[in-house]
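The lines below spell out each chain.
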Amino acid sequence: MSLPLLLRLAELNAAYAAAIDTDRLEEWPDFFVDDCLYKITSAENLKRGYEAGIIFADSRAMLRDRMTALRTANIYERHRYRHIVGLPVVGAVEGAAIRAETPFLVARIMRDGRTDLFATGVYCDVIREVDQRLRFAERIAVCDSGRIDTLLAIPL
Amino acid sequence: MSLPLLLRLAELNAAYAAAIDTDRLEEWPDFFVDDCLYKITSAENLKRGYEAGIIFADSRAMLRDRMTALRTANIYERHRYRHIVGLPVVGAVEGAAIRAETPFLVARIMRDGRTDLFATGVYCDVIREVDQRLRFAERIAVCDSGRIDTLLAIPL
Amino acid sequence: MSLPLLLRLAELNAAYAAAIDTDRLEEWPDFFVDDCLYKITSAENLKRGYEAGIIFADSRAMLRDRMTALRTANIYERHRYRHIVGLPVVGAVEGAAIRAETPFLVARIMRDGRTDLFATGVYCDVIREVDQRLRFAERIAVCDSGRIDTLLAIPL
């Protein structure tokens, strides 16, 4: 049965979150198209027109590098995330590109078991269908708080 | 493609939450029918039969007044919310009216970036379809905790 | 209208969470098949191959016993939960059995109103369709944190 677009987007988000939260980081770049844009920023930075972002990558190759760096640097699993992702609000569909905004909440679980509410925000996405699979052409994770951990390591 | 009712209700909730969380409060009253009931209360108050609620409005006009008051009073954006909303449990459908219960969690992000788990609970809703759009005839936000911030300002 | 499987699983999870969070524990065992497996464990225990789990039941009868014990022991409602459950990632479908993994976050609300982020994790489920209703053949709640409250009482 063909799923409605809304549900396909929700499915994409669920798969994305599961890959990160179960430490299958190798799969993470595959959620993006080759010439993607991935960024983590804050609502305030966005409002002020700061383009930079806390984490920035403008190709899938950069995402792969980042992932490899994480694997090399982090001998120990220092913490894990748990994403809880809301339903996307689907915006304009322009040709093969779909705009969607999806709220997220990420809990962080430290090695000793302490759990805190690490980040909340909204993913501002442009999604494209490539070979019948939805992939992110853009994923801007806009955090609600400007106080984002400078040790931010695992992708949101 | 016509979406199943469950998904249409989920979509309504996602749009509602997005309007509040991105500070588009002007759109908030439009999620309700004219002669609506909107209330924030707690599970304990409800159990004891207290009708009042912490916030109460029984028409869309009252919601508009409240929204205007918020805009006038809050010169500064003091805090923002991030709603994470679960899937509705759809109840009885009586004519054009649909009952549904939807769990929510709201994180609050203060101006300085501090984020806390502000409220959890369930929306007890009656939804009606008006001009092919679903709107709330009743939305009772039943908070799990009786300790709700008396400064509660932004609608849940 | 027949719902896609993904949505039916999401609906099952929403109903499951609602039964627990609104203290309709009597309905809880009915979400399982007779010869079910229900377990609460942690990601670390699972990794180390510890089979036991913090809570363990291998039949619906055991779930009923547990529920009855909770009703007898807890004269006062000591705390309540609020589950926020993500969309399932649907895995293999083997005959009538469906594998799915569903992230969860549980907030705990104490009698005095204090609310904390109690647990996060993923449900690793095997679901079977029995008499046109989906039920859990297995539900392993894998908590992200190993530091799970030893007073853990209400089922996750």
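Below is a short write-up of the structure. Computed from a predicted structure; not experimentally measured.

1. Looking at the side chain of B:R82
Next, step 1: Relative to the assigned elements, B:R82 resides in strand β3 (residues 79-85).
Next, step 2: Polar side-chain contacts of B:R82 include one of 3.3 Å to the backbone oxygen of A:G121.
Next, step 3: Side chain to side chain, B:R82 and A:D144 meet in a polar contact 2.8 Å long.
Next, step 4: Other than its neighbours up to four places away in sequence, B:R82 contacts A:P103, A:F104, A:T120, A:G121, A:V122, A:D144, B:D21, B:L105, B:V106, B:A107 and B:I109.

2. What about helix α3 (residues 60-73) of chain B?
Residue and element names in this part refer to chain B.
Next, step 1: Along its 14 residues, α3 runs 20 Å from first to last C-alpha, staying within 8% of the 20 Å computed at 1.5 Å per residue.
Next, step 2: Burial in α3 covers these residues: R60, L63, M67 and L70. With its buried residues spanning 75 degrees around the axis, α3 presents them on a single face. Facing away from the buried side of α3, by more than 90 degrees, are the exposed residues D65, T72 and A73.
Next, step 3: In this structure, the buried residues of α3 make contact with β1 (32-42), β2 (55-57) and β7 (133-143).

3. Overview of the packing of aromatic side chains
Next, step 1: Under the definition given, this model contains 30 aromatic pairs over all chains.
Next, step 2: Arranged with centres 6.2 Å apart and planes meeting at 70 degrees, the rings of C:Y16 and C:F32 form a pair that is edge-to-face. Remark: C:F32 occurs in strand β1 (residues 32-42) and C:Y16 occurs in helix α1 (residues 5-21); sequence separation between them is 16 residues. Like C:F32, C:Y16 is buried.
Next, step 3: Between the aromatic rings of C:Y81 and C:F118, the centroid separation amounts to 5.3 Å while the plane-to-plane angle is 25 degrees, which identifies the pairing as stacked. Linking C:Y81 in strand β3 (residues 79-85) with C:F118 in strand β6 (residues 115-130), this pair joins segments that are 37 residues apart in sequence.
Next, step 4: Its relative accessible area of 2% is what places C:Y81 among the buried residues.
Next, step 5: An aromatic cluster of at least three residues, connected via ring pairs, comprises A:Y16, A:W28, A:F31, A:F32, A:Y38, A:F104, A:Y123 and A:F136.
Next, step 6: The ring of A:F31 is capped by A:R133, whose NZ or CZ atom sits 5.3 Å from the centre of that ring.
Next, step 7: If you follow A:R139 out to its NZ or CZ, it ends over the ring of A:Y16, 4.5 Å from the centre.

4. Thoughts on the interface of chain C and chain A
Next, step 1: Between chain C and chain A, the residue contacts involve 21 residues of the former and 22 residues of the latter.
Next, step 2: Buried surface at the junction of chain C and chain A, summed over both partners, amounts to about 1700 Å²; 70% is from carbon and sulfur atoms.
Next, step 3: Connecting chain C to chain A are three salt bridges.
Next, step 4: The interface formed by chain C and chain A holds four residue pairs in polar contact (both at pLDDT 80 or more) in total.
Next, step 5: If you list the elements that add at least two residues to the side of chain C that touches chain A, you get α1, α2 (43-47), β5 (97-110) and β6 of chain C.
Next, step 6: Grouping the constituent residues of the side of chain C that touches chain A by class yields 14 nonpolar, four polar and three charged.

Calculation rules
Residues numbered from 1 in each chain as written. Chains lettered and ligands numbered in written order. Predicted model: local features only at pLDDT ≥ 70, side-chain atom pairs only at ≥ 80, totals over all residues. Heavy atoms only, no water. Helix = DSSP H or I, 4+ residues; strand = E, 2+ residues; numbered from the N terminus. Polar contact = N/O pair within 3.5 Å; in protein donor to acceptor, adjacent residues only side chain to side chain. Contact = heavy atoms within 4.5 Å. Expected span 1.5 Å × (residues − 1). Buried < 20%, exposed > 50% of the residue type's maximum accessible area, 1.4 Å probe, protein only. Arc of directions from axis to C-beta. Phe/Tyr/Trp six-rings, centres within 6.5 Å; stacked < 30°, edge-to-face > 60°. Lys NZ or Arg CZ within 6 Å of the ring centre and 35° of its normal. Buried area = accessible area lost by both parts, 1.4 Å probe. Salt bridge = Lys/Arg side-chain N within 4 Å of Asp/Glu carboxyl O. Nonpolar A, V, L, I, M, F, W, Y, C, P; charged D, E, K, R; others polar.

These values are about where atoms sit, not about what they do.
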